[in-house]
Every structure is written in structure tokens, then in C-alpha cells.
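Structural overview for review
The residues making up each chain are set out below.
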Amino acid sequence: MEYFWTQGSRFEFREGYMVYDTPKAYLPWDQALRHINTAFQITKSSPAIPATNEPRKWDKRPDDAVIKAHIRSFGQNYVSHTEETKRNGNFILRVQTKRFAGYLEVARMIPDQSKTSLIVKDAFPISQDNFVEWLITGTDPLLRKQGQLP
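Residues numbered from 1 in each chain as written. Predicted model: local features only at pLDDT ≥ 70, side-chain atom pairs only at ≥ 80, totals over all residues. Heavy atoms only, no water.

This next bit is on the sheet that holds strand β6 (residues 103-111). Two pairing modes exist for strands in a sheet, parallel and antiparallel, and in both the strands are linked by backbone hydrogen bonds. One open sheet accounts for 4 strands, arranged β1-β2-β6-β7; its pairing is antiparallel. The sheet terminates laterally at β1 (18-20) and β7 (118-126), the two strands that pair on one side only. Averaged over all pairs of adjacent strands, the angle between strand axes in this sheet comes to 25°, irrespective of strand direction. (Pairing = 2+ DSSP bridges. Helix = DSSP H or I, 4+ residues; strand = E, 2+ residues; numbered from the N terminus. Axes fitted to C-alpha atoms, helices over the stretch in contact; angles between N-to-C directions.)

Shown next as C-alpha cells:
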């Protein structure tokens, strides 16, 4: 039997989440610290959101101000929209958006010299998409894109 990696495209790591490099991180803490080499703590986040082609239906065409407000609610991801009036008078507004890769601020943590606690080694911004890629491959995708890794 062959296995394949599958996943959805909506990621939402949240503030306070911890990701460890070993499942032994869930042993009692004094034991876990002997096995942890790296941990990531999410300090700030916004979710990754898939592209949409989302319809909104009204019984009749609303005022222009209502339509504009609905379109503005999609923010920076807005691409375009189409309007359609059905024979029965229903009005459909379909808004297309581009994918939003999400945003994270992450603290990379390592054990202190005595392996009694984790300390912050560094902190960095990264998209939710790139963070998921890093977790899957074990390689920092930004360093690979900059040519610093094979």
C-alpha cells in the first residue's frame, strides 16, 4: 500500500500553539526536555484562507451601498465580482478572492544548557503556508528560495 500526504488549504496556527520536533515532548516535562531539540511557539497569527468564488443571494437587488459594503468585506484578497439577476427576481453577487497565505510570528525555542527549560533562540515572521511547508519537509522554505539550501 502506498501513502500520500493530503491536507486542506486552510491553516490556522494560533497564538500560544507549540510545535515540537519530537513526540516525546508530551512525556512529563522533566523527561520531555531531555528529548526536545527545537520547538516553535506561535506568538502572533492570522489564518491562511483559500481562494473563493463565493455567492451571496438576496431576494432582490440591494442598494449599491449594500453591495459595495459586501465587496469591501473581502479586503485585500478581493479580485473581482459578478452580478446576476434571476428570472424570479433573486439577485446573486459572486465575489472572487485570491488565496491569502496567512501570517505568523514564531519564536524558535531550544533547551537551555541544563535542559531544564526552553529559551528563545530567535523569532521571525513567516506565512502559514511556508510554516506548514517547513513542518512537512523539515527545511526552512525561505532559505531554500534564497538559494541557501539545495
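Here we take up the pattern of salt bridges. For the structure shown, the criterion picks out 6 salt bridges. Salt-bridge contacts for glutamate 12 lead to arginine 14; the nearest nitrogen and oxygen are separated by 3.4 Å. The salt bridge partner of aspartate 129 is arginine 99, with a shortest N-O separation of 2.5 Å. Taken together, the residues aspartate 129 in helix α3 (residues 128-137) and arginine 99 in the loop between β5 (91-97) and β6 connect sequence positions 30 residues apart. (Salt bridge = Lys/Arg side-chain N within 4 Å of Asp/Glu carboxyl O.)

So, about α3. Regarding α3, the residues found buried are Gln128, Asn130, Phe131, Val132 and Trp134. Following α3 by one or two positions, glycine 138 adopts a phi angle in the positive range, close to 80°. (Buried < 20%, exposed > 50% of the residue type's maximum accessible area, 1.4 Å probe, protein only.)

Next up on the list: the packing of aromatic side chains. Following the criterion strictly, the structure yields 8 aromatic pairs and no others. Taking the centre distance of 6.4 Å and the plane angle of 85° together, the rings of phenylalanine 40 and phenylalanine 124 count as edge-to-face. Taken together, the residues span a long stretch of sequence, with phenylalanine 40 in strand β2 (residues 39-46) and phenylalanine 124 in strand β7 at a distance of 84 residues. Note on phenylalanine 124: relative accessible area 15%, which makes it buried. Among the aromatic residues, those joined into a ring-pair cluster are Phe13, Phe40, Phe124, Phe131 and Trp134. (Phe/Tyr/Trp six-rings, centres within 6.5 Å; stacked < 30°, edge-to-face > 60°.)

Of the pairings in the sheet, the one linking β1 to β2 comprises 3 bridges and is antiparallel in character. Note on β2: the bridge partner recorded for methionine 18 is glutamine 41. Looking at chain direction, β2 and β6 are connected through 7 bridges and run antiparallel. Opposite isoleucine 42, over in β6, you have valine 106 as the bridge partner.

Geometry only, nothing functional implied.
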